[in-house]
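# Close look at the chain arrangement
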Amino acid sequence: MKFSQIVNKLKTNQIGGLKDYYLANDPEIECGASLELANSRQVTFLEKDNHLKRKLSESNAAAILLPHQQEFLNIIGKEDIAWAVFDNPKLAFTEVLEFLSPAIIYPEETHPSAVIDNDVILGTGVFIGPNVYIGKRCHIGNNCIIHAGVVLYDHVNIGNYTELHSNCVIHSGSRLGNNCIINSNAVIGSEGFGFIPTNEGWKKMPQKGITILEDNVEIGSGSTVDRPAVGETLIGAGTKIDNLVQIGHGVKIGKGCAMASQVGIAGGAQIGNGVILAGQVGVANRVHVGDRVIASSKCGIHADIAPGEVISGFPAIPNRLWLRCSANFRRLPDIAKSLRKLNRE
Amino acid sequence: MKFSQIVNKLKTNQIGGLKDYYLANDPEIECGASLELANSRQVTFLEKDNHLKRKLSESNAAAILLPHQQEFLNIIGKEDIAWAVFDNPKLAFTEVLEFLSPAIIYPEETHPSAVIDNDVILGTGVFIGPNVYIGKRCHIGNNCIIHAGVVLYDHVNIGNYTELHSNCVIHSGSRLGNNCIINSNAVIGSEGFGFIPTNEGWKKMPQKGITILEDNVEIGSGSTVDRPAVGETLIGAGTKIDNLVQIGHGVKIGKGCAMASQVGIAGGAQIGNGVILAGQVGVANRVHVGDRVIASSKCGIHADIAPGEVISGFPAIPNRLWLRCSANFRRLPDIAKSLRKLNRE
Amino acid sequence: MKFSQIVNKLKTNQIGGLKDYYLANDPEIECGASLELANSRQVTFLEKDNHLKRKLSESNAAAILLPHQQEFLNIIGKEDIAWAVFDNPKLAFTEVLEFLSPAIIYPEETHPSAVIDNDVILGTGVFIGPNVYIGKRCHIGNNCIIHAGVVLYDHVNIGNYTELHSNCVIHSGSRLGNNCIINSNAVIGSEGFGFIPTNEGWKKMPQKGITILEDNVEIGSGSTVDRPAVGETLIGAGTKIDNLVQIGHGVKIGKGCAMASQVGIAGGAQIGNGVILAGQVGVANRVHVGDRVIASSKCGIHADIAPGEVISGFPAIPNRLWLRCSANFRRLPDIAKSLRKLNRE
């Protein structure tokens, strides 16, 4: 695709905020690449104040999407390279990637090897791949894509335009909204880990609740979202969850959250809106985490956190305090030595 | 189901220890719910000394299962609400949930899409779902439930009344007891991570051992239990394991343990009976953890732990000590400052 | 197999470095076992300077593979037990395990229930199990083994002698080398976790890159390796990855690394050659970890690490320093108390 065609499309899709552009020799663009690796048939981008800006003059890209800063144009100008300037060049780059390799269109079809049980209702435009199993009385919305090997237990309800990747499993009674993506081998709505100690060992609490994912939720590969004994496990609209994350039974997660890989949220915890949990964070049973909290990686959250806090460490404390404590942690041998010396004196 | 019917059933099943009850207007009960959310067609419960007791007077539940404390009856009495009193109301609640929505009965049947290899022996009453594969010379006990997409490699041996959820995989030679539950996408008996450094890189140690799960073991969704080079990986009777847990090759786990999500137990570790590991705990290679040890979340166990210890932190130390150390960790900047001041003086 | 036959084979396979042997009554060997558990029909081994050497005199093994140390022969000699001496008895033991139970030979066959999509190219000697799905234009090398329930999306390219275990999923465009092993329920090449914050919530960055595994790579059960927005996620030749590991989008891993279970590597990190990461280690976005770095369990790597470093803790510091800091951490209550006393004085 010619760079001029890309620019024309970006004029229509104003998500990145196109401000200006220069076509140079209007290069043919094949795909996107990183600033350091892009070649003369690739487009790249540079974020505002990104550390890669010192690499700009060395880039071999055919075209660059830039933030609105004159210094970059000065550098680029010497190279006679095509460019376009945006309020948010990274957002513009997402559009360009979609122009260059649009998502595959799946036909309306059910592969003959798929097993569709009794009383299933399928919307229009649904693709069902090989070796899928859809249980009794499931309801699948329009334009859903269900890849090979997916299993839906009975009574699952799925909205429109939702995509289920291969070998994920959706358990009985789960309700998924529109435009959700469940990645491969994720498990939604499996029974919560609820056991009561008795003299005869662990007695299982039946897990009769359900799991609900609102619209635009994404669940990463291999992640697990349990259902509770009663009531619901709930993941709010627009929340994005990475791979190998555990969401315990009865957890409520707000809207627009992001949770990185290997996060674990124990049963009954409540997470607000816009919360960001970095990799390997843990949240204890029934803890409340306020709106817009940011927890850095490996953080262990044992008690309620007020909205807007930025926290770190285990147990979690304010990030700024934690940075100072960690700096002193590595000085502990010196601190101990200095103290012994003082004591001797 | 009428509350009177529930009470009658509870008189027979004495697991919760029914002491007394009051039918009020004998409400029709549809299902269970939490104390805060229960409505006039739902039953709920309150545990002894639970923090929810202050919500009791506000509950809209149709009926409440209570511990044996007069104060609760005084509160409830004003509402003319149905109640029953138990030694252990939470245990009684497990029974009630089962009365209200009994487990699905699966018929004795093998779905025509399932592939059963040579010389497989199936017990009576076995359900085998769509797209299952059962390898050569497997032996499946009576009344097992094998959901869609499950794979058993060759020579797997499974007891009676065991349930395998969708897309879990059981590797060659594994032996599962009676009444086990393997949740979706779990992997049992895969080859252990055994490599020897050589000048030509990592040389694989063949993993020729097997994995054994005794009776009443549950394995969570996405969890992995490896087999060893020689001998056995063993999980004792009644042990319950949550989602995304790793059990390394040659690990021995005792009876009646509980391991929360994302626990990792490295190869050759030995865990006693009745051990409780909270979320994201790690246990190092060949460590011995004594009976009834309790490890709090994110604990890192690097050395042997005596029976009955309660431990925390990384490396793990006694929980009480760890609480005091953690409290001082966040005072480290002040400690360092105070020390500098003393040194100046 | 007679011990004399084993010794004869070991003379040919000189991987362990056979030095000497004694057949005693040339016992019949059935399989391998650990030193403590081996019985009179089993062979075992002892590593140099291993803690098990004090158990040597009590072993009931039929035959023992030993390091080149006279003290062991003195102990063994009294028992009239068969033995063989090696430069590396553990390596020799790997050979013996393979002699005693050779890997299963899978026939060239495609199970009738497998679904092979258009324009797939299969090499010779390929085994494809039940309920496998292979997407459009995939290319499978010679002698590959693809177990039941595996899913390959379109355009996957796999080398020779690679084995894919049940229910693993390989996403579109992934390229796997020769002699790779992908264990059960692993996911290769799923879309990276790339989202950009906007006023309308998280905007997905299309993940158009691919994932490449070079020769002799092994990926553990349930592990996930994401593909990036542009370019490649790369795992170098001979790198071994354990169960439930997360490899983020665009990560580059060198050759001959080993990563234990539940390690998480965030997007864009670069790991050198011969790096060893113990269980539950985390590596932050875009960090560079030098060649031959060793990180102990639960380590959190937030900044670049120079080649050859041995690191521990969170944030990661040199292992020796960390050991001293941790020792003082548990003395923090005493340190604080001592400081208060000094301040009073």
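Residues numbered from 1 in each chain as written. Chains lettered and ligands numbered in written order. Predicted model: local features only at pLDDT ≥ 70, side-chain atom pairs only at ≥ 80, totals over all residues. Heavy atoms only, no water.

A few words on helix α3 (residues 89–100) of chain B. All names here are of chain B. Compared with the 16 Å implied by 1.5 Å per residue over 12 residues, the 16 Å span of α3 between its first and last C-alpha is a close match. Within α3, 10 of the 12 residues are buried, leaving the element largely enclosed by the surrounding structure. Inspection of α3 places Pro89, Leu91, Ala92, Phe93, Thr94, Glu95, Val96, Leu97, Phe99 and Leu100 among the buried residues, and these make up the whole buried set. (Helix = DSSP H or I, 4+ residues; strand = E, 2+ residues; numbered from the N terminus. Expected span 1.5 Å × (residues − 1). Buried < 20%, exposed > 50% of the residue type's maximum accessible area, 1.4 Å probe, protein only.)

Let's shift gears to the pattern of salt bridges. Taken as a whole and judged by the stated rule, the model has 34 salt bridges over all chains. The closest approach of N and O atoms between B:Lys203 and C:Glu95, which form a salt bridge, is 3.5 Å. Residue B:Lys203 is located in strand β21 (residues 201–204), and its partner C:Glu95 is located in helix α3 (residues 89–100); the two belong to separate chains. Via salt bridges that share partners, A:Glu191, A:Lys204, A:Arg227, B:Glu218 and B:Lys240 belong to a single interconnected network. (Salt bridge = Lys/Arg side-chain N within 4 Å of Asp/Glu carboxyl O.)

Moving on to the relation of the copies chain C and chain A. Expressed as a screw transformation, the operator carrying chain C onto chain A has a rotation angle of 120° and an axial translation of 0.0 Å, and the superposed copies differ by an RMSD of 0.1 Å. Viewed as a symmetry operation, the transformation between the two copies matches a three-fold axis. (Least-squares fit on C-alpha atoms with pLDDT ≥ 70 in both.)

A few words now on a positive patch on the surface. A cluster of basic side chains, namely A:Arg324, A:Arg330, A:Arg331, B:Lys337, B:Arg340 and B:Arg344, defines a positive patch on the protein surface. For the positive patch, the element with the most residues is helix α5 (residues 332–344) of chain B, which contributes three residues. Residue B:Arg344 is classed as exposed on the basis of its relative accessible area, which comes to 65%. (Patch = residues over 30% accessible without salt bridge, like charges linked within 9 Å, V, L, I, M, F, W, Y side chains within 5 Å. Areas by Shrake-Rupley, 256 points an atom, 1.4 Å probe, with all protein chains shown as cover. Lys, Arg positive; Asp, Glu negative; His and termini not counted. Charge placed at Lys NZ, Arg CZ, Asp CG, Glu CD.)

Our focus in this paragraph is the side chain of A:Thr162. Residues and elements named next belong to chain A. Relative to the helices and strands, threonine 162 resides in the loop between β14 (157–158) and β15 (163–164). Polar side-chain contacts of threonine 162 include one of 3.3 Å to the backbone nitrogen of asparagine 179. In this structure the side chain of threonine 162 is engaged in a polar contact, spanning 2.9 Å, whose partner is the backbone nitrogen of cysteine 180. Those residues within four positions of threonine 162 in sequence are excluded, and the remaining contacts are Asn143, Cys144, Ile145, Leu176, Gly177, Asn178, Asn179 and Cys180. (Polar contact = N/O pair within 3.5 Å; in protein donor to acceptor, adjacent residues only side chain to side chain. Contact = heavy atoms within 4.5 Å.)

When the parts come together, some accessible area is lost, and that loss is often what is quoted as the size of the interface. Per the domain assignment, the segments making up chain A are domain 1 (3–100) and domain 2 (109–323). Centre-to-centre separation of domain 1 of chain A and domain 2 of chain A, based on C-alpha positions: 37 Å. (Domains from an automatic or database assignment.)

At the interface, 60 residues of chain C touch 57 residues of chain A. For the pair chain C and chain A, the summed buried surface comes to about 4,500 Å²; carbon and sulfur atoms form 65% of the total. Counting the surface chain C buries against chain A, the share from its top three residues, C:Phe193, C:Trp202 and C:Phe314, is 15%. At the boundary of chain C and chain A, one finds two salt bridges. We note a salt bridge from A:Glu218 to C:Lys204, for which the minimum N-O separation is 2.7 Å. Of all the secondary structure elements, the ones that give two or more residues to the side of chain C that touches chain A are β19 (187–191), β20 (195–198), β21 (201–204), β24 (224–227), α4 (319–329) and α5 (332–344) of chain C. Ranked by the residues each element gives to the side of chain C that touches chain A, the list is headed by α4(C), at seven residues. Grouping the amino acids of the side of chain C that touches chain A by side-chain chemistry returns 33 nonpolar, 20 polar and seven charged. (Buried area = accessible area lost by both parts, 1.4 Å probe. Nonpolar A, V, L, I, M, F, W, Y, C, P; charged D, E, K, R; others polar.)

All right, on to the state of the cysteines then. All names here are of chain C. One pass over the full model with this rule turns up zero disulfides over all chains. With no disulfide partner, cysteine 138 has as its closest neighbouring cysteine sulfur the one in cysteine 144, 12 Å distant. Exposure remark for cysteine 138: the relative accessible area of 1% places this residue in the buried category. (Disulfide = S-S within 2.5 Å.)

Compared with an ideal rise of 1.5 Å per residue, which puts 13 residues at 18 Å, α5(B) spans 18 Å between its outermost C-alpha atoms and is within 8% of the ideal. Listed as buried for α5(B) are B:Leu332, B:Pro333, B:Ile335, B:Ala336, B:Ser338, B:Leu339 and B:Leu342. Packing partners of the buried residues in α5(B) comprise α4 (319–329) and α5 (332–344) of chain A, α4 (319–329) of chain B together with α5 of chain C.

What follows covers the nonpolar core. If you look at the biggest cluster of nonpolar residues, it comprises 52 residues, and the most contacted ones within it are C:Ile265 and C:Ile301. With residues near it in sequence (within four places) discarded, C:Ile265 still touches C:Gln246, C:Ile247, C:Gly248, C:Val251, C:Ile253, C:Met259, C:Ile271, C:Leu277 and C:Val283. (Core = buried A, V, L, I, M, F, W, Y, C linked by side-chain atoms within 4.5 Å.)

One pass over the structure, following the stated rule, counts 18 aromatic pairs over all chains. An aromatic cluster of at least three residues, connected via ring pairs, comprises A:Phe329, B:Phe329 and C:Phe329. (Phe/Tyr/Trp six-rings, centres within 6.5 Å; stacked < 30°, edge-to-face > 60°.)

A few words now on the environment of A:Asn179. All names here are of chain A. Looking at where asparagine 179 falls in the secondary structure, it is placed in the loop between β17 (175–176) and β18 (181–182). Given the relative accessible area of 39%, asparagine 179 is considered partly exposed. Considering only alpha carbons, one finds asparagine 179 and histidine 111, 68 residues apart in sequence, at a separation of 22 Å. Other than its neighbours up to four places away in sequence, asparagine 179 contacts Asn160, Tyr161, Thr162, Asn216 and Val217.

With 57 residues of chain B at the contact, the number on the chain A side is 60 residues. Interface of chain B and chain A: buried area, both sides summed, is about 4,500 Å²; carbon and sulfur atoms make up 65% of it. By the criterion of area lost to chain A, the three top residues of chain B are B:Lys298, B:Phe329 and B:Arg330, representing 12% of everything that side buries. Viewed at the interface, chain A and chain B are joined by 27 residue pairs in polar contact (both at pLDDT 80 or more). Listed by contribution, the elements that provide at least two residues to the side of chain B that touches chain A are α3, β26 (240–241), β29 (258–259), α4 and α5 of chain B. Across the side of chain B that touches chain A, the residue classes tally to 25 nonpolar, 24 polar and eight charged.

With that settled, the discussion passes to unusual backbone geometry. Cis peptide bonds are those with omega within 30 degrees of zero, and the linkage from A:Phe314 to A:Pro315 qualifies with -5°. Here A:Pro315 lies in the loop between β37 (310–312) and β38 (317–318). We note that B:Asp119 has phi near 60°; this positive angle belongs to a residue other than glycine. Tracing the backbone through its elements, the reader meets B:Asp119 in the loop between β7 (115–116) and β8 (121–122). One non-glycine residue, B:Asn167, adopts positive backbone phi at about 65°. Position of B:Asn167 relative to the elements: it lies in the loop between β15 (163–164) and β16 (169–170).

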